[in-house]
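# Architecture at a glance
Read off the chains here:
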Amino acid sequence: MGKFSRLGNDLYTGRKSIDFVGRTRLWYTISGLIIVAAILGLYFRGLNFGLEFRGGAQFTVSMDSSQVTQDNADKLRNAVADTGIPSTQQVVVTTAGRNSILIETEPLTPVESVQVQNTIEQTVNVTKADISTDEIGPSWGKEVAKRSIIGLIVFLILVVLLIWGYFRQWKMSVAAIVALAHDLIITIGIYALSGFEVTPATVTGVLTILGFSLYDTVVVFDKVRENTKNLRASHMTYAEAANLAVNQTLVRSINTSIVALIPVGAILYVGAVQLGSGALKDLALALFVGMAAGAYSSIFIATPLLAHMKSREADVQELEKRLKARRRHEVDRYASVPTYTDDMPITSDPDAAPAAGREEAPAAARTGGNRPTPNTDPTGRGRVAPQPRGPVRPSSSSGRVQPTRQSRSKRGKK
Amino acid sequence: MARTSARPGRTVTVFFIGLALAYVLVAVVGTWKPALGLDLEGGTQITLTAKGSVSKDNLNEAANIIDSRVNGSGVTEAAVTTQGNNQIVVQIPGNTSNNLIQTVVRQAQLRFRLVAQVAPTTPTPTPPAPSSSPTTGLPVPPTSTPKAQKSGQPKAKQSKQTGKNRPPALLGKKNLAPDTKKKNKNKPSNKPSQSPTQSPTQGAAPTSTSEVTYTAQNQQAFQDALTWQTSPDPQSVAVYNAFTCPAKTPVVDDPTIPLVTCSQDVDPNTGQYTKYLLSPALIEGTSITSASAGIPQNQVQWAVNLQLDGKGSDEQRRLSQAMAGDQSKTFAIVLDGKVISAPFFQGVIAGGTSQITGNFTEDEAKSLATSLKYGALPITFDKSKQTIQQIGPSLAGDQLTAGITAGIAGLLLVMIYCLFYYRGLGLVVIASLLVAGATTYAMVLLLAKTAGFTLTLPGIAGLIVAVGITADSFIVFFERIRDEMRSGKSMRVAVEAGWVRARATCVAADSVSILAAVVLYIFAAGVVKGFAFALGLSTVIDLAVFFWFTHPMVSWLARFPFFYKGHKLSGLDAENLGLDRLPAGGRA
């Protein structure tokens, strides 16, 4: 633990730094591949919608009231789920009233229906006459889906406005939404690829991710904003400040992810491994994937994307150039001072000297003069660089009458 | 916040008093077990069968409306499905009251009509001839018009007089009642030739309004409802006179033609039903934008308040301008073919607000308001085929225990991790989580009683997951404190400086969560609504605990040398922070 803490301190001071922002191309590629896989899965395999979305078949088993027990319902559930018919994997069995048990499955073919009826007969000792079959409609009709989607759209619009209002930077909103879309696509893609059933519990899980992903991104962005507030004073480019912010919140991100994922992982394990089916598994998978993706995207997608978008801004670019020039200057402060040699010709006309001051410059140029020439190529692109220091800002006391220290003879006598 | 940090003990005390009050409320309410949802505990299943054949679209629309009604506040997590091509199955968690069933089944077709004539009738058995014919609208064939006109006209005048002198519980009314009754008895003698031939056809298809044959001339008569109110057409009056209450078959309410119907309840003063001759509907129930139950000022009876949309309120203003102040001119609020109240306008109503008063109990008023709010059902249900049965939980018993076991195991792991990483501060995390858990449990219990909040398995899982999000605010806070200490502040200063920064971060991040919850709650339906509610609840509790428990606790702990001197187990020692030497505080 001590090492981890030491790492926390190093990350905080910037002594140790992981370059999250610089290696954008790598992260984009990784995420791009995952998303392509998710979309392909979605396209070719599609989502496996559950009973609640598609409707299905209902078997009403009439039996003696002494037989209508939760035990028998559980027995029926296991028996019907074990028939091997894909549509009955997510069977819902409930006791209804005093003398019947309801069994609901996804739509069945007639052959499958007979098979299920036979299973029911064998399990609880009833005859065909006691079983009635019905068709049921979806409880999650189009209307519910439509309203949820409207709600989602309204939420996204408001969230863009909220983040913009809080951070005062629409680019942060865009980056947060992109990260959110990234998480959602990955989660839905995992559902398509794994073939887990989409139930209302899944939808609940996906909506939780919505909040969690944005929450995570906002926490990181808050640090980014804090670090980039006074870039001039901290002598950092925007990308560097953002990277430092990610590094500084890294310990928090790891801790939060661990704390959030442990309970979900426990539920997922119990739901998928021990129980094998049911609402727990559906919910926990969505949460687990979504939260992991949310933590990943806030670090590897949202912040690099933000820095990337920011680097197009004029003042950010100018600051970047200035810092570059400054750092170059700092590495070798006398780089632009020509080296003197004995009996070096001294020219009187400084303008005749070509703009060069480098070792590798042609000899003719070096003989041009001994005047220090300005470094014209700090960015490597042959353009005239800005001064390493920005223009002098008016001091904060300007415009006010400043106290002056009078000579002793003029000071008030006490 | 300076004050809070100065007296952390006070904030914590106030917070605990609040929590204790919540539990006192729970004790008053008297339920210590949260209401469990359909999947965990089962509930009531109501199967409704539509009358006649209905289209798939109508059935789905009805299912949606019923869904809105039962999930009115959105936290019940009931399930509504269509079954076959004419059935709707409603599953409601827990034991359902009769009122809730009423709320579901009621068609809630509300219309405003003008009262042309009104008379009390005794709920005594009535002669067979009129009772068989009374159902719908006005089945008088055009051939009878001249005759009815002659006999109808004087009667109309008389009835109008009764209407005019009619403050609801006037004695004179009783005197008049036999009068009208006698005339009613006259009526059959008036048209014995028709009733035998007519009543069978009508009795056969009482739901069809096409049976009613109005001549163009008669239709002209009720085009302008205000004139018609004072001088109704004779055809309608004839049917009205033949009518007795209570109607044997339900009245069919066609908005385009006049209606003869009864009051919903007997007049408490006279013990009689009142029958009405009503104009075609002027304001339809579709104009209602919202409905709520409440007690109007200076009154003791519950009433249902309605708000009408632009079209409805324009019409209402027009009517009230024409009728205001005249107590003889009343209008009727007709619900599912029965008059629930027939008030007069005291003044011009411009705002489109309206009130239904009747002998409502609180529950009835709330049930009616809920039914009205989500619109009328496009279909009616056959009461005889309605079944209500108890259903068991849809999830196996092992799912709940497994879920809870997994959750508790997960929580223990989280606590161990926090203790391991944050050491002394980990105790604060654990205490905060316990306090948050206690608060959530109290809220769930209270909301189960007041708003019908039920816990489903996804709900429980959601609450367990919320632990992770709750713990995050503490982690953000502690990391901030450590960051501040790394930049050279003593613990006591670092706590306050870190608090200011962490507070801003957490409020920003949590407001995103709350926004998600509120928007989804407003727009979504069904399970999503319940989930949004749970999410909003846990986020608000997270903020409350963070502000009023965690921060004061840390401020308080910062006074102990164990923490500010950086004991090895405090989680804030130099080695743990990764520093060589701990920054010295004021007293250190």
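Calculation criteria
Residues numbered from 1 in each chain as written. Chains lettered and ligands numbered in written order. Predicted model: local features only at pLDDT ≥ 70, side-chain atom pairs only at ≥ 80, totals over all residues. Heavy atoms only, no water. Helix = DSSP H or I, 4+ residues; strand = E, 2+ residues; numbered from the N terminus. Buried < 20%, exposed > 50% of the residue type's maximum accessible area, 1.4 Å probe, protein only. Contact = heavy atoms within 4.5 Å. Areas by Shrake-Rupley, 256 points an atom, 1.4 Å probe, with all protein chains shown as cover. pLDDT = per-residue confidence, 0-100. Core = buried A, V, L, I, M, F, W, Y, C linked by side-chain atoms within 4.5 Å. Pairing = 2+ DSSP bridges. Phe/Tyr/Trp six-rings, centres within 6.5 Å; stacked < 30°, edge-to-face > 60°. Patch = residues over 30% accessible without salt bridge, like charges linked within 9 Å, V, L, I, M, F, W, Y side chains within 5 Å. Salt bridge = Lys/Arg side-chain N within 4 Å of Asp/Glu carboxyl O. Expected span 1.5 Å × (residues − 1). Axes fitted to C-alpha atoms, helices over the stretch in contact; angles between N-to-C directions. Parallel < 35°, antiparallel > 145°, perpendicular 65-115°, else oblique. Left-handed = near helix turned anticlockwise from the far one by under 90°. Nonpolar A, V, L, I, M, F, W, Y, C, P; charged D, E, K, R; others polar.

What follows covers the overall build of chain B. For chain B, the helix and strand inventory stands at 21 helices and 13 strands. A total of 588 residues make up chain B; the buried ones form 56% of that total. For chain B, the share of sequence-separated contacts (at least 6 apart) that also reach a separation of at least 24 residues comes to 76%. Only carbon and sulfur atoms are counted for the fraction: they give 59% of the accessible area of chain B, which is about 24,300 Å².

Attention now moves to the overall build of chain A. The number of helices and strands found in chain A is 13 helices and 6 strands. Of all 414 residues assigned to chain A, the portion counted as buried reaches 47%. Total accessible area on chain A stands at roughly 21,300 Å², and carbon and sulfur atoms take up 58% of it.

Another aspect to go through is the confidence of the model for chain B. Looking at chain B, pLDDT values average 70 and 72% of them are 70 or higher. Segment residues 123–212 of chain B: pLDDT under 50, and 101 contacts once partners within four positions in sequence are set aside and those in other chains are kept.

A:F221, A:V224, B:F477 and B:F478 are the most contacted members of the largest nonpolar core, which has 137 residues in total. Setting aside residues up to four positions removed in sequence, A:F221 forms contacts with A:F167, A:M172, A:A175, A:A176, A:A302, A:T303 and A:L306. Within the second largest apolar cluster, 26 residues are counted, among which are B:W302, B:L306, B:I340 and B:A369.

All names here are of chain A. Counting buried positions along strand β2 (residues 56–62) gives 6 out of 7 residues, so the element sits mostly inside the fold. Pairing of β2 with strand β4 (residues 100–105) involves 6 bridges; the strand directions are antiparallel. Paired with V61 across the bridge in β4 is I101.

Take the packing of aromatic side chains next. All names here are of chain B. For the coordinates displayed, the defined rule picks out 20 aromatic pairs over all chains. Taken together, a centroid distance of 6.3 Å and an interplanar angle of 40° make the contact between F474 and F546 tilted. Highlighted residues: F474 in helix α17 (residues 457–486) and F546 in helix α19 (residues 527–557), separated in sequence by 72 residues. As far as the burial class goes, F474 and F546 line up, both buried.

Turning next to a nonpolar patch on the surface. Residue and element names in this part refer to chain A. Taken together, I149, I153, I157, L158, L161, W164, W170, V174 and V178 make up a surface patch of nonpolar side chains, about 820 Å² in accessible area. Mapped by element, the contributors of at least two residues to the nonpolar patch are α6 (142–167) and α7 (170–194). Looking at which element gives the most residues to the nonpolar patch, the answer is α6, with 6 residues. Relative to the elements of secondary structure, I157 occurs in helix α6.

Before going further, it helps to examine helix α4 (residues 56–70) of chain B. Given a rise of 1.5 Å per residue, 15 residues ought to cover 21 Å, and the 21 Å separating the end C-alpha atoms of α4(B) matches this to within 8%. Turning to α4(B), its buried residues number three or more, namely B:L59, B:A62, B:A63, B:I65, B:I66, B:D67, B:S68, B:R69 and B:V70.

Applying the stated criterion across every chain yields a total of 15 salt bridges over all chains. Salt-bridge contacts for B:D472 lead to A:R252; the nearest nitrogen and oxygen are separated by 2.9 Å. Note that B:D472 is positioned in helix α17 and A:R252 in helix α10 (residues 238–275), a pairing that runs across two chains. By the burial criterion, B:D472 is buried, and A:R252 matches it. For B:E315, the salt bridge goes to B:R318, with nearest N and O atoms at 2.9 Å. Taken together, the residues span about one helical turn, with B:E315 and B:R318 both in helix α13 (residues 310–323) at a distance of 3 residues. Judged by relative accessible area, which is 40%, B:R318 ranks as partly exposed. Several salt bridges converge on common partners, so that one network encompasses A:D222, A:K223, A:R225, A:E226, B:R480 and B:R501.

Let's shift gears to the environment of B:L308. Residue and element names in this part refer to chain B. Residue placement: L308 occurs in strand β9 (residues 302–308). Once the C-alpha coordinates of L308 and T289 are considered, the two residues, 19 residues apart in sequence, prove to be 5.5 Å apart. Ignoring sequence-local partners within four residues, the contact set of L308 consists of I283, S287, I288, T289, S313, Q316 and G352.

Turning next to the packing of helix α8 (residues 200–228) of chain A against helix α18 (residues 491–523) of chain B. One can describe the packing of α8(A) onto α18(B) by two numbers: an axis separation of 9 Å at closest approach and a directional angle of 155°. Of the possible angle classes, the one that applies to α8(A) and α18(B) is roughly antiparallel. Relative to α18(B), α8(A) is oriented so that their crossing is right-handed. Two secondary-structure elements touch here, α8(A) through A:L207, A:G211, A:L214, A:Y215, A:V218, A:V219, A:D222 and A:E226 and α18(B) through B:R501, B:A504, B:T505, B:A508, B:A509, B:D510, B:V512, B:S513 and B:L520. Partitioned by chemical class, the residues of the contact of α8(A) with α18(B) number 10 nonpolar, 3 polar and 4 charged.

A few words on helix α16 (residues 424–450) of chain B. Between the first and last C-alpha of α16(B) there are 40 Å, a value that for 27 residues agrees with the 39 Å anticipated at 1.5 Å per step. Just downstream of α16(B), B:G452 is the residue with a positive phi angle, here 75°.

All names here are of chain A. The predicted model of chain A has a mean per-residue pLDDT of 77, with 80% of residues at 70 or higher. Confidence, expressed as mean pLDDT per element, reaches its minimum in chain A at helix α13 (residues 363–366) with 45 and its maximum at α7 with 90. A low-confidence stretch, residues 355–368 stays under pLDDT 50, and its non-local contacts, those more than four residues away or across chains, total 17 contacts. When the criterion is pLDDT under 50, residues 378–382 qualifies, and its contacts beyond four places in sequence or with other chains add up to 9 contacts.

This part takes up the environment of B:T470. Residue and element names in this part refer to chain B. Residue placement: T470 occurs in helix α17. In this structure, the C-alpha to C-alpha distance between T470 and L543, residues 73 residues apart in sequence, is 8.3 Å. Other than its neighbours up to four places away in sequence, T470 contacts L433, A436 and D542.

A few words now on the packing of helix α2 (residues 24–44) of chain A against α7(A). Residue and element names in this part refer to chain A. Where α2 meets α7, the closest approach of the two axes is 8 Å, and the angle between their N-to-C directions is 45°. Considering the angle they form, α2 stands oblique to α7. Taken as a pair, α2 and α7 cross one another with a handedness that is left-handed. Of α7, the residues touching α2 (which contributes S31, I34, I35, A37, A38, I39, G41 and L42) are H182, I185, I186, I188, G189, A192 and L193. Its residues placed into classes, the contact of α2 with α7 shows 11 nonpolar, 4 polar and no charged.

Bringing the environment of A:A239 into the picture now. Tracing the backbone shows A:A239 in helix α10. Filtering out sequence-adjacent residues up to four positions away, A:A239 remains in contact with A:V21 and A:A307.

Residues and elements named next belong to chain A. A positive phi is found at R168, a non-glycine position, where the angle reads about 65°. By the secondary structure assignment, R168 is in the loop between α6 and α7. Exposure remark for R168: the relative accessible area of 63% places this residue in the exposed category.

With that out of the way, let us pick up the side chain of A:E112. Residue and element names in this part refer to chain A. Within the secondary structure layout, E112 lies in helix α5 (residues 110–124). Under the relative-accessibility criterion, E112 is labelled buried at 18%. Setting aside chain neighbours within four positions, we find E112 in contact with I85, S87 and P107.

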